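These are the residues of each chain, in order.
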Amino acid sequence: MPLVKKPVNGMKDILPAEMQIRDYVQGVIKDTYRSFGFTPMETPCMENIANLTNKQGGENEKLIFKVMKRGEKLNLNTARTEVDLVDFGMRYDLTVPLARYYSNHANDLPSPFKALQMGNVWRADRPQRGRYRQFMQCDIDILGEPSNLAEIELILATTTTLGRLGFKNFEIRINERRILKAMAAYSGFAEESFDTVFIILDKMDKIGMEGVASELVQEGFSQDSVEKYMGLFRGIAEVSDGVSYLADTLGDFLQADVVQNMKEIAASVNACKAAEFELVFDPTLVRGMSYYTGTIFEIAMPEFGGSCGGGGRYDKMIGNFTGKDVPACGFSIGFERIILLMTESGFQIPQQPKKTAYLIEKGYPGDKLSAVIAQAQKARQAGQQVLVVRMNKNKKFQKEQLAKDGYEEFVEFFNKDQ
């Protein structure tokens, strides 16, 4: 049986042209985030399966690539349950690993700790445009900062990065989990039903308000509660300040500090932003992760038609490891979708060094090679990118392929020249 040339479904080979863009984008991301005081760190690609299945990852816990036990620990003859077979899993995001990392190293880290983490994650998802089973995530998180300074810094750092990459007119949609809960409670939904309500609400952009109302009724919720709930969204749509509208309408269902917190974030971000975007209050924004406890946000780009990143506050996660809660907030750029949009738009990396190819004819004297290599070294020291290769029989095709890779000049060395 012949070997399979294609990569596993949902994963991809990355060709040189895209790899150059990826390297450039990673450089911009790291440079910008470092300017905001974020510190690079790294966690392993695998985590203990108990950490990944503790009901914090929402639907992603159904998408874990699980790793079987090895050697003497694995006994297929006596295995009866998954616990007998599995002990590790491939990380499905970078947040759960970060919480474990911080719990393990808190005494060696500054407080607050501003973390920058970039790495691949794995989800057994259904592949589609901009969605893969292996993909790069780029996260920044602030651990140990209870105030909205964390949200403000995260939004400004992320949007500054997107601006430096050439993106304009995108939106940062923002909401608060406590607003979601207050709206549901005000409408008469029982607290134990909130997750079901929010899962249906999360479909608003796909099925519209009538579709959400219909699904809520089909789920068994009372018509009165559903109508009261929909009335809140209609009311928000008719005013310019949705947060103030909810503060007046919900009364004691919504804590005053939530409203003040949202307004402070908006005022600071709008006053200090360094990119062209809008900060938009979106009461339908849910974010799927169940670990979010407060502010949540998402990047919306018209070019993609969906989310290109998001995050929020998760003040309870670290306490699951240590028994003591630590305030935490993070923001993740949708790296793969950003790369997709840049490649589709024909993005060209600015200020690249000149790329020159030295093509050496087959049979070129070995004792003359050192002079060619010395010439290449001198050009490299001057800032050029120089490729030294043997000349192929089909030189025209070779040069065409190199030109696709950005080589602008070709220097040829023939036997007859010596």
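Please refer to the structure higher up on the page.
These remarks concern the structure in this document.

Considerations on the overall build of the chain
So, step 1. The helix and strand tally for the chain stands at 15 helices and 14 strands.
So, step 2. A total of 418 residues make up the chain; the buried ones form 46% of that total.
So, step 3. As displayed, the chain offers around 21800 Å² of accessible surface, 50% of which is attributable to carbon and sulfur atoms.
So, step 4. In the chain, the 51 positive side-chain charges and the 55 negative ones have mean positions that sit 10 Å from each other.

Here we look at the packing of aromatic side chains
So, step 1. Applying the stated criterion across every chain yields a total of 14 aromatic pairs.
So, step 2. Measuring from centroid to centroid gives 6.5 Å for Tyr101 and Phe113, while their planes differ by 20°, and the two rings are stacked. Placement of Tyr101 in helix α4 (residues 95–105) and of Phe113 in strand β5 (residues 113–122) is noted, with a sequence separation of 12 residues between them.
So, step 3. According to the relative accessible area criterion, Phe113 is buried, its value standing at 2%.
So, step 4. For Lys355, the ring lying beneath its charged end belongs to Tyr407, and the centroid distance is 4.6 Å.

Concerning the packing of helix α6 (residues 177–187) against helix α10 (residues 242–250)
So, step 1. Where α6 contacts α10, the axes come no closer than 11 Å and their chain directions differ by 40°. Relative to α10, the element α6 is oriented oblique. Where α6 crosses over α10, the handedness of that crossing is left-handed. Where α6 abuts α10, its residues Ile179, Ala182, Met183 and Tyr186 lie against Leu246, Thr249 and Leu250.

Some details on the sheet that holds strand β10 (residues 306–313)
So, step 1. As summarised here, the arrangement of the eight strands in space is β1-β5-β6-β11-β10-β9-β7-β8, forming an open sheet in which the pairing is mixed. Bordering the open sheet on either side are β1 (39–40) and β8 (277–281), each of which pairs with just one other strand.
So, step 2. Bridge count for strand β7 (residues 170–176) against strand β9 (residues 295–301) is six bridges, and the pairing is antiparallel. Across the sheet, Ile174 pairs through a bridge with Phe297, a residue of β9.

Considerations on the pattern of salt bridges
So, step 1. One pass over the structure, following the stated rule, counts 22 salt bridges.
So, step 2. Notably, a salt bridge pairs Lys114 with Glu153, separated by 2.9 Å at the nearest N-O pair. A residue pair is termed long-range when its members are at least 10 positions apart, and Lys114 in strand β5 and Glu153 in helix α5 (residues 149–164) qualify at 39 residues.
So, step 3. Ionic pairing is found between Arg129 and Glu344, a salt bridge with its closest N-O pair at 2.8 Å. Taken together, the residues span a long stretch of sequence, with Arg129 in the loop between β5 and β6 (134–143) and Glu344 in helix α13 (residues 335–344) at a distance of 215 residues.

Describing the nonpolar core
So, step 1. Counting 100 residues, the largest nonpolar core has Leu216 and Tyr229 as the members making the most contacts within it.
So, step 2. No other element matches the seven residues that α5 contributes to this core.
So, step 3. With residues up to four places along the chain from it excluded, the contact list for Leu216 reads Phe189, Val197, Ile200, Phe221, Val226, Tyr229 and Met230.
So, step 4. Tyr358, Ile360, Tyr364 and Val372 belong to the second-largest nonpolar core, a separate cluster that totals nine residues.

Some points on the environment of Ile64
So, step 1. Here Ile64 is to be found in the loop between α2 (49–52) and β3 (66–68).
So, step 2. Spatially, the C-alpha atom of Ile64 lies 5.6 Å from that of Arg123, the residues being 59 residues apart in sequence.
So, step 3. With near-sequence residues (within four places) excluded, Ile64 lies in contact with Ile49, Leu52, Thr53, Gly89, Met90 and Tyr92.

Focus on the environment of Glu59
So, step 1. Inspection of the secondary structure puts Glu59 in the loop between α2 and β3.
So, step 2. Considered as a pair, Glu59 and Gly288 are 229 residues apart in the sequence and their alpha carbons are 7.2 Å apart.

Points about the packing of helix α7 (residues 194–201) against helix α8 (residues 204–218)
So, step 1. Where α7 contacts α8, the axes come no closer than 8 Å and their chain directions differ by 140°. Between α7 and α8, the angle falls in the class oblique. Where α7 abuts α8, its residues Val197, Ile200 and Leu201 lie against Met204, Val212, Glu215 and Leu216.
So, step 2. For the contact of α7 with α8, a count of residues per class yields six nonpolar, no polar and one charged.

A word on the pairing of β6
So, step 1. Here β6 lies mainly inside the structure; nine of its 10 residues are buried.
So, step 2. Pairing of β5 with β6, which is carried by 10 bridges, proceeds in the antiparallel orientation. Counted as the bridge partner of Trp122 is Gln134 from β6.
So, step 3. Sheet topology note: the β6/strand β11 (residues 328–333) ladder contains six bridges and is antiparallel.

Regarding the sheet that holds strand β2 (residues 46–48)
So, step 1. Across the sheet, three strands lie side by side as β2-β4-β3; this open sheet has antiparallel pairing. Only two strands of the sheet have a single neighbouring strand rather than two, namely β2 and β3. Adjacent strand axes in the sheet meet at a mean angle of 40° when their direction is disregarded.
So, step 2. By the bridge criterion, three bridges tie β3 to strand β4 (residues 86–90) in an arrangement that is antiparallel. If you follow Val67 over to β4, its bridge partner there is Phe88.

Rules used in this analysis
Residues numbered from 1 in each chain as written. Predicted model: local features only at pLDDT ≥ 70, side-chain atom pairs only at ≥ 80, totals over all residues. Heavy atoms only, no water. Helix = DSSP H or I, 4+ residues; strand = E, 2+ residues; numbered from the N terminus. Buried < 20%, exposed > 50% of the residue type's maximum accessible area, 1.4 Å probe, protein only. Areas by Shrake-Rupley, 256 points an atom, 1.4 Å probe, with all protein chains shown as cover. Lys, Arg positive; Asp, Glu negative; His and termini not counted. Charge placed at Lys NZ, Arg CZ, Asp CG, Glu CD. Phe/Tyr/Trp six-rings, centres within 6.5 Å; stacked < 30°, edge-to-face > 60°. Lys NZ or Arg CZ within 6 Å of the ring centre and 35° of its normal. Axes fitted to C-alpha atoms, helices over the stretch in contact; angles between N-to-C directions. Parallel < 35°, antiparallel > 145°, perpendicular 65-115°, else oblique. Left-handed = near helix turned anticlockwise from the far one by under 90°. Contact = heavy atoms within 4.5 Å. Pairing = 2+ DSSP bridges. Salt bridge = Lys/Arg side-chain N within 4 Å of Asp/Glu carboxyl O. Core = buried A, V, L, I, M, F, W, Y, C linked by side-chain atoms within 4.5 Å. Nonpolar A, V, L, I, M, F, W, Y, C, P; charged D, E, K, R; others polar.

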